[in-house]
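# Observations on the model geometry
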Amino acid sequence: MAERLAIYRRLIGAQVRGQASYRASFILDLVGQLVAPAIDVLAILAVFRVARTLGGFTAPEVLVMFGITATAFALADTTVGNIEKIREYVRRGLLDAVLVRPLSVLGQLLALDFTTRRATRILLGAAIFVAACARAGVDWTPARIAVAVLAPLWGAVFFGSVFIGAATVAFFWIDSGEFANGFTYGGRDFTSYPINVYSGVFRRLFAYSLGFAFVAYYPALTLLGRPDPLGLPGWIAWVSPLVSLAAALFAALAWRFGVRHYRSTGS
Amino acid sequence: MSAVIDVHGLRKEFTVTKRSGRLRRTRHRIAAVDGVDLVVERGETLGYLGPNGAGKSTTLKMLTGVLMPTSGAVRVCGLVPVSQRRRLASHIGVVFGQRSQLWWDLPLRDSFELARHIWRVPPSEHAARLARLRRDLELDSFLDTPVRQLSLGQRMRGELTIALLHGPAVLFLDEPTIGLDVVSKQAVRAFLTELRDTGDTTVVLTTHDLADIERLCRRLVVIDHGRVVHDGTLAALHERYGSRRRVLVELDEPLTGLEVLPGVTREAASPDGRSLTFSLDGSGLTAGELVARLAATGSLRDISVQEPEIEDVIARLYAAPAPRSSDPASPSGPGSAISGYSGSAESRTSSAGAPGS
């Protein structure tokens, strides 16, 4: 096991060295990575210039949700986000080269396209999260500290599962285009806001059926010590880790099924 | 000791969707590989030949664990390729021309070092093999060049190296000389000849390039429309498809009254009757005997012997309809081969769009 991990570490190292040969692009990317989340924060603040509250939540309270989401998403994006390159691998038949090596397909793909370029977003997300908690006046208890530390982590597991689950679409549908992004980036945008601002079928689908409500919304309610405007009991926040585990299990099964399908239909 | 590659009734179907009308699509099942039997012993070098879309690459993918067969039994090194993919990967080396195993942005040397870890080769073994491959493939001048800056010929030599560094029992090569210049082609062929003649690595290579086959492969498997249409030596192929050696002679004076000789046809003659072309079908006189007869006439000035062109034979073979019987050795003369030409080119272009090409 340790030996296996060492091999993947070497693959990651090779990828990082390879990218270092494009130094200017690397630095531009690190900077560019900060622009998009900054604009997202400004968008939230712009909403609060015309409205005092959003779904009953103040700007710092919404930014707590945004901060959890941003940190969790950036963690997932850095570790497994590059799985979206599977589209290229399948379309150009590059998966063949991966399949003839004595290593796992998923492990190789994650290591082969590993990039540190998205890592700056983790720091930015965490900074927003901490600042928002301070402004929202979170009353820190040991339980809340645990939630503050763990929510971005299990949120990352959840987003990582979404990345992998959505990527498997590429095995079945060669020209899947932006379909997967609807769930990954779309899901991130969904969880950046309190879910009670969405309505009807859309909320039921994304928040509960797909589980996005458990990434940031319920943990944020626990941190803020507020009851759920939608009426679910307080302990629901503790379901979040279970939702993440279920998502991870589903993603693993979907992935296995996808690889098997690829092998029975070809590139 | 069982065969290194043991394949029975191998079949692979693909579903192909075709647009028919504005929105309607029709789906077809196409058999890219349609009942292939193949047994390859340790140390053999096998040429797997066929036109585009014949099923060469698809077969290779099923042998290497990339694709799951629709039906049929496959064993490579005693393993079932898809379900034992990782174990099999340690026993085989693969060069898929267009799908590189090398790290694009890193010096070539780094890819070899990574391969040592991926295939878990003991350092001393790795060093010994790398030293040998560096010498045989003359890698030293570009070992520190990033792969993206290598010429195609250099890159192919790198691909061969990385495929062999873990000492595989079988080396699979998909179009190893495609796109290479003459010098690089010769270098690759010379290396593979050396590999064939030393050690006991089994080599299976697909190619379009008949010169690869002539130089490298004692055994030739020709596949067309997913079926094996020939399995044997090159000589057997010539014999079966009636290819002829030609004897071209220059005479001092026109030949008069040469009686009909068994197995010899006079194909062409110059107007003055002093240069003649004879063809030999192998059933009667040998080239030597014919030359002896001609020499006896006393006016022989020059002779040359033309070997049959493998291209011609293969072209005839491709034009022939795929044999319906499961016995690929059933004799079919060149006459029937040519008569079967009509329409088969059409169906080939359609299957060429199938995956795996």
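It should be emphasised that the depicted structure is a prediction, and the values quoted were computed from it without experimental measurement. (Residues numbered from 1 in each chain as written. Chains lettered and ligands numbered in written order. Predicted model: local features only at pLDDT ≥ 70, side-chain atom pairs only at ≥ 80, totals over all residues.)

## Looking at the domain arrangement of chain B
Its domain assignment divides chain B into domain 1 (5-239) and domain 2 (244-306). When each unit is reduced to the centre of its C-alpha atoms, the spacing between domain 1 of chain B and domain 2 of chain B is 44 Å. (Domains from an automatic or database assignment.)

## Considerations on the interface of chain A and chain B
Listed per partner, the contact involves 21 residues of chain A and 29 residues of chain B. Looking at the side of chain A that touches chain B, the elements that each hand over two or more residues are helix H1 (2-20), helix H5 (95-99) and helix H13 (240-265) of chain A. Taken together, the residues of the side of chain A that touches chain B sort by class into nine nonpolar, seven polar and five charged. (Contact = placed C-beta atoms within 7 Å. Helix = DSSP H or I, 4+ residues; strand = E, 2+ residues; numbered from the N terminus. Nonpolar A, V, L, I, M, F, W, Y, C, P; charged D, E, K, R; others polar.)

## A short note on the pairing of strand S10 (residues 245-251) of chain B
All names here are of chain B. Bridge count between S10 and strand S12 (residues 275-280): six bridges; the pairing is antiparallel. Within S12, the residue paired with leucine 248 across the bridge is threonine 277. Judged from the six bridges that link them, S10 and strand S13 (residues 300-306) form a sheet pairing that is antiparallel. Across the sheet, residue leucine 251 finds its bridge partner in S13, namely leucine 300. (Pairing = 2+ DSSP bridges.)

## Regarding the packing of helix H3 (residues 59-80) of chain A against helix H12 (residues 217-224) of chain A
Relative placement of two packed helices is described by the angle separating their axes and the distance separating the axes. All names here are of chain A. Direction vectors running N to C along H3 and H12 enclose 130 degrees, while the axes themselves pass 9 Å from each other. Comparing the axis directions of H3 and H12 gives the class oblique. Every pair of crossing elements has a handedness; the one defined by H3 and H12 is right-handed. Between H3 and H12, the contacting residues are Glu61, Val64, Met65 and Ile68 on the first element and Tyr217, Pro219, Ala220, Leu223 and Leu224 on the second. Looking at the contact of H3 with H12 residue by residue, the class counts come to eight nonpolar, no polar and one charged. (Axes fitted to C-alpha atoms, helices over the stretch in contact; angles between N-to-C directions. Parallel < 35°, antiparallel > 145°, perpendicular 65-115°, else oblique. Left-handed = near helix turned anticlockwise from the far one by under 90°.)

## Digging into the packing of helix H8 (residues 142-167) of chain A against H12 of chain A
All names here are of chain A. Across the interface, H8 lies against H12 with an axial gap of 9 Å and an inter-helix angle of 155 degrees. As far as their axial angle goes, H12 and H8 are roughly antiparallel. Like other packed secondary-structure pairs, H8 and H12 cross with a definite hand, here left-handed. In this structure, H8 contributes Arg144, Val147, Ala148 and Ala151 to the contact, and H12 contributes Pro219, Thr222 and Leu223.

## Quick word on the pairing of S12 of chain B
All names here are of chain B. Relative to S12, strand S11 (residues 264-269) runs antiparallel, the two sharing five bridges. From the neighbouring strand, arginine 266 faces S12, where its bridge partner is phenylalanine 278. Connecting S11 to the next strand, S12, in antiparallel fashion are five residues, including glycine 273 with a positive phi near 75 degrees.

## What to know about the sheet that holds strand S2 (residues 25-40) of chain B
Residues and elements named next belong to chain B. The strand order across the open sheet built from three strands is S2-S1-S4, with neighbouring strands paired in antiparallel fashion. Each end of this open sheet is capped by a strand with a single partner; those strands are S2 and strand S4 (71-76). Between one strand axis and the next, the sheet turns through 30 degrees on average, direction left out of account. Bridge count between strand S1 (residues 5-19) and S4: five bridges; the pairing is antiparallel. Following the sheet pairing, histidine 8 is matched in S4 by alanine 73. Along the sheet, helix H1 (residues 56-64) contacts S1, S2 and S4; its crossing angle with S1, the most-contacted strand, is approximately 125 degrees.

## Side note on the sheet that holds S11 of chain B
Two orientations exist for strands paired in a sheet by backbone hydrogen bonds: parallel and antiparallel. Residue and element names in this part refer to chain B. Ordered in space as S11-S12-S10-S13, the four strands form an open sheet in which the pairing is antiparallel. The sheet terminates laterally at S11 and S13, the two strands that pair on one side only. Across this sheet, the average inter-strand angle for adjacent strands is 25 degrees, counted without regard to direction. In this fold helix H9 (residues 287-296) packs onto S10, S11, S12 and S13, with an angle of close to 15 degrees to the strand it touches most, S10.

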